[in-house]
Amino acid sequence: MKLLIEVAVCGVLMLGAAKADTLEVDKTQSRIQVDGRSTGHGFTGTLGDYVVTISGDPSTLRPDTFELFWKFSDLDTKNKTRNEKMIKWLGGSVPEGSFAFEKTWQEDGKNFAQGTITIHGVNQSISFPYTVAKGGDWVTIDGVATLDYEDFDLPIIRAVAVMTVDPKLTIRFHVVGKL
């Protein structure tokens, strides 16, 4: 009986010491984009640089950590004037944003994640579906989330009295990395 208890304690200690694998993100294969719509047209901003930390269980592909930090000056909409106005709209200086993963679950055979996104100094909970696939040591994570920029104490964007940027934005991400 004593041997059984010792084996059980060793097993628990070994499980507790197990470490999640870290995903080394390849930014050349990854992309994080924001789609917006304004009166008469749409636009896409692509995040050119960011800091991301991802770890999880390589056997189940369940995340333990997914943290993302960015500067809005690295979000390029391919329109210099729009980029400059975005920074001013966000309060000027060097506005930053972040996302911190909190939990994941499955519903109707789909994976969902929830976390806190911070923009303009305001934290909001966000949840979205995602997929994850593994090929050898490579992992690909894809997802789409929507948010309303008014929830971050940002005003509706209006220009020339008739053009308005829809407050509903779509965030698309395709993250590729090696374990």
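Everything that follows concerns the structure shown earlier in this document.
Residues numbered from 1 in each chain as written. Predicted model: local features only at pLDDT ≥ 70, side-chain atom pairs only at ≥ 80, totals over all residues. Heavy atoms only, no water.

J.: I would appreciate a short explanation of the pairing of strand E8 (residues 110-119) in the present structure.
T.: Within a regular strand, side chains alternate between the sheet's two faces. Among the 10 residues that make up E8, 8 are buried, leaving the element largely enclosed by the rest of the structure. Note: strand E7 (residues 96-107) against E8, 10 bridges, orientation antiparallel. Paired with lysine 103 across the strands is glutamine 114, a residue of E8. The antiparallel pairing of E7 with E8 creates a hairpin that spans 2 residues between the two strands, and aspartate 108 there sits at a positive phi of about 50°. Pairing of E8 with strand E9 (residues 122-135) involves 9 bridges; the strand directions are antiparallel. Each residue of the ladder has a partner; that of asparagine 111, found in E9, is tyrosine 130. The antiparallel hairpin formed by E8 and E9 contains 2 residues in its connecting segment, where histidine 120 sits at a positive phi of about 60°. (Buried < 20%, exposed > 50% of the residue type's maximum accessible area, 1.4 Å probe, protein only. Helix = DSSP H or I, 4+ residues; strand = E, 2+ residues; numbered from the N terminus. Pairing = 2+ DSSP bridges.)

J.: Would you take a moment to explain unusual backbone geometry for this structure?
T.: Note: most peptide bonds trans; most residues except glycine with negative phi. In this structure, leucine 61 takes a positive phi of about 65° despite not being glycine. Relative to the assigned elements, leucine 61 resides in the loop between strand E4 (51-57) and strand E5 (62-71).

Read these as geometric descriptors, not functional statements.
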